[in-house]
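Geometric and topological summary
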Amino acid sequence: MEFLERATVLTLAQLNPTVGAIAANAEKAYAAWQDARDAGADMVALTVMFITGYQVQDLNMKPALHQHAMRAIDQLAKQCADGPALGIGGPFAEDGKLYNAYYILQGGKISARVLKHN
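Here the structure is a predicted model, which is why all the values come from computation and not from measurement. (Residues numbered from 1 in each chain as written. Predicted model: local features only at pLDDT ≥ 70, side-chain atom pairs only at ≥ 80, totals over all residues. Heavy atoms only, no water.)

A short note on helix H2 (residues 63-79)
Think of an α-helix as 3.6 residues a turn; residues three or four steps apart then line up on the same face. The terminal C-alpha atoms of H2, which comprises 17 residues, lie 24 Å apart, in line with the 24 Å expected from a rise of 1.5 Å per residue. Among the residues of H2, Leu65, His66, Ala69, Met70, Ala72, Ile73, Leu76 and Ala77 are the ones counted as buried. Angular distribution of buried residues about the axis of H2 spans 160 degrees; they occupy a single face of the element. Across H2 from its buried face, at more than 90 degrees, point the exposed residues Ala64, Arg71 and Lys78. Summarising the contacts, the buried residues of H2 are in contact with helix H1 (22-38), strand S3 (85-94), strand S4 (97-106) and strand S5 (109-115). (Helix = DSSP H or I, 4+ residues; strand = E, 2+ residues; numbered from the N terminus. Expected span 1.5 Å × (residues − 1). Buried < 20%, exposed > 50% of the residue type's maximum accessible area, 1.4 Å probe, protein only. Arc of directions from axis to C-beta. Contact = heavy atoms within 4.5 Å.)

So, in C-alpha coordinates, the structure goes:
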(Lines give C-alpha, C1' and ligand atoms only; values in the text may rest on other atoms or scores of the structure.)
Protein backbone atom coordinates (compact mmCIF):
# COMPACT_ATOMS: atom_id res chain seq x y z
CA MET A 1 0.00 0.00 0.00
CA GLU A 2 1.35 3.39 -1.00
CA PHE A 3 1.13 6.26 1.49
CA LEU A 4 1.04 9.97 0.86
CA GLU A 5 4.20 11.73 1.86
CA ARG A 6 2.24 14.72 3.09
CA ALA A 7 -1.38 14.99 4.13
CA THR A 8 -3.57 17.63 2.51
CA VAL A 9 -4.01 20.58 4.85
CA LEU A 10 -7.39 22.31 4.87
CA THR A 11 -7.95 25.53 6.80
CA LEU A 12 -11.56 26.21 7.81
CA ALA A 13 -12.06 29.94 8.26
CA GLN A 14 -15.25 30.51 10.19
CA LEU A 15 -15.24 34.29 10.22
CA ASN A 16 -17.97 36.89 10.59
CA PRO A 17 -18.58 38.74 7.31
CA THR A 18 -20.75 41.85 7.35
CA VAL A 19 -23.91 41.94 5.23
CA GLY A 20 -23.37 44.17 2.19
CA ALA A 21 -19.73 45.01 3.01
CA ILE A 22 -18.25 43.29 -0.03
CA ALA A 23 -14.86 45.06 -0.01
CA ALA A 24 -14.39 44.46 3.73
CA ASN A 25 -15.45 40.82 3.38
CA ALA A 26 -13.00 40.37 0.49
CA GLU A 27 -10.24 41.80 2.70
CA LYS A 28 -11.15 39.31 5.45
CA ALA A 29 -11.07 36.49 2.92
CA TYR A 30 -7.67 37.58 1.63
CA ALA A 31 -6.27 37.85 5.17
CA ALA A 32 -7.54 34.33 5.96
CA TRP A 33 -5.96 33.09 2.73
CA GLN A 34 -2.63 34.71 3.66
CA ASP A 35 -2.72 33.09 7.12
CA ALA A 36 -3.53 29.71 5.56
CA ARG A 37 -0.74 30.11 3.01
CA ASP A 38 1.74 31.01 5.75
CA ALA A 39 0.63 27.93 7.72
CA GLY A 40 1.25 25.67 4.72
CA ALA A 41 -2.39 24.93 3.90
CA ASP A 42 -3.45 23.51 0.55
CA MET A 43 -6.88 25.13 0.74
CA VAL A 44 -8.81 27.57 2.88
CA ALA A 45 -12.60 27.24 2.99
CA LEU A 46 -14.90 30.11 3.88
CA THR A 47 -18.63 29.95 4.52
CA VAL A 48 -21.70 30.21 2.32
CA MET A 49 -22.33 33.70 0.86
CA PHE A 50 -19.19 34.98 2.59
CA ILE A 51 -18.50 37.72 0.06
CA THR A 52 -21.89 39.40 0.63
CA GLY A 53 -22.38 38.42 4.26
CA TYR A 54 -25.23 36.17 5.31
CA GLN A 55 -28.32 36.58 5.33
CA VAL A 56 -28.55 39.14 2.55
CA GLN A 57 -32.23 38.37 1.94
CA ASP A 58 -33.76 40.79 -0.61
CA LEU A 59 -30.49 42.74 -0.99
CA ASN A 60 -29.20 39.92 -3.17
CA MET A 61 -31.95 40.60 -5.71
CA LYS A 62 -30.31 43.93 -6.57
CA PRO A 63 -28.11 43.43 -9.66
CA ALA A 64 -25.59 45.99 -8.39
CA LEU A 65 -24.92 43.86 -5.30
CA HIS A 66 -24.44 40.49 -6.97
CA GLN A 67 -22.44 42.02 -9.85
CA HIS A 68 -20.14 43.74 -7.35
CA ALA A 69 -19.79 40.47 -5.42
CA MET A 70 -18.92 38.50 -8.57
CA ARG A 71 -16.28 41.09 -9.53
CA ALA A 72 -14.81 40.88 -6.01
CA ILE A 73 -14.56 37.09 -6.31
CA ASP A 74 -12.80 37.44 -9.68
CA GLN A 75 -10.34 39.89 -8.08
CA LEU A 76 -9.74 37.56 -5.14
CA ALA A 77 -8.91 34.77 -7.58
CA LYS A 78 -6.19 36.96 -9.07
CA GLN A 79 -4.89 38.04 -5.66
CA CYS A 80 -4.70 34.44 -4.44
CA ALA A 81 -2.95 33.01 -7.50
CA ASP A 82 0.25 31.97 -5.75
CA GLY A 83 -0.82 29.80 -2.89
CA PRO A 84 -3.56 27.56 -1.61
CA ALA A 85 -6.96 27.24 -3.19
CA LEU A 86 -9.68 29.42 -1.71
CA GLY A 87 -13.28 28.27 -1.35
CA ILE A 88 -15.78 31.09 -0.95
CA GLY A 89 -19.54 31.46 -1.13
CA GLY A 90 -21.25 34.17 -3.12
CA PRO A 91 -23.93 34.92 -5.68
CA PHE A 92 -23.72 33.92 -9.33
CA ALA A 93 -25.95 35.40 -12.03
CA GLU A 94 -26.28 34.09 -15.56
CA ASP A 95 -28.97 34.28 -18.24
CA GLY A 96 -31.33 36.17 -15.95
CA LYS A 97 -31.05 33.60 -13.16
CA LEU A 98 -29.49 34.18 -9.76
CA TYR A 99 -27.83 31.41 -7.75
CA ASN A 100 -26.22 30.89 -4.39
CA ALA A 101 -22.81 29.53 -5.45
CA TYR A 102 -19.63 28.17 -3.93
CA TYR A 103 -16.48 29.10 -5.81
CA ILE A 104 -13.07 27.45 -5.80
CA LEU A 105 -10.34 29.95 -6.65
CA GLN A 106 -7.01 28.50 -7.70
CA GLY A 107 -4.13 29.49 -9.94
CA GLY A 108 -5.43 33.03 -10.45
CA LYS A 109 -8.88 32.04 -11.70
CA ILE A 110 -12.18 30.47 -10.72
CA SER A 111 -11.39 26.79 -11.18
CA ALA A 112 -14.81 25.49 -10.11
CA ARG A 113 -18.24 26.79 -9.18
CA VAL A 114 -21.07 24.77 -7.65
CA LEU A 115 -24.59 26.19 -7.79
CA LYS A 116 -27.09 25.55 -5.03
CA HIS A 117 -30.19 24.09 -6.64
CA ASN A 118 -32.50 23.12 -3.74
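Points about the packing of aromatic side chains
Counted according to the given criterion, the structure contains two aromatic pairs. Measuring from centroid to centroid gives 5.6 Å for Tyr30 and Trp33, while their planes differ by 20 degrees, and the two rings are stacked. Pair noted here: Tyr30 and Trp33 are both in helix H1, with a separation of three residues, about one helical turn. Arg113 extends its terminal NZ or CZ atom over the ring of Phe92, reaching a point 3.8 Å from the ring centre. (Phe/Tyr/Trp six-rings, centres within 6.5 Å; stacked < 30°, edge-to-face > 60°. Lys NZ or Arg CZ within 6 Å of the ring centre and 35° of its normal.)

Thoughts on the nonpolar core
Core analysis: the largest hydrophobic core is formed by 26 residues, its most contacted members being Leu46, Ile51, Leu76, Leu86, Ile88, Tyr103 and Leu105. Within the residue set of this core, elements represented by two or more residues are H1, H2, S3 and S4. Examining the composition of this core, we find that seven residues originate from one element, H2, more than from any other. Beyond its immediate stretch of four places on either side in the chain, Leu86 contacts Trp33, Met43, Val44, Leu46, Leu76, Cys80, Tyr103, Ile104 and Leu105. (Core = buried A, V, L, I, M, F, W, Y, C linked by side-chain atoms within 4.5 Å.)

Side note on the sheet that holds S5
Ordered by their spatial adjacency, five strands build an open sheet running S1-S2-S3-S4-S5, and the pairing between neighbours is mixed. The outermost strands of the open sheet, each flanked by one partner alone, are strand S1 (10-12) and S5. Strand-to-strand twist in this sheet, taken as the mean axis angle between neighbours without regard to direction, amounts to 35 degrees. The strands touched by H2 within the sheet are S3, S4 and S5, with S3 carrying the most contacts at an inclination of about 150 degrees. (Pairing = 2+ DSSP bridges. Axes fitted to C-alpha atoms, helices over the stretch in contact; angles between N-to-C directions.)

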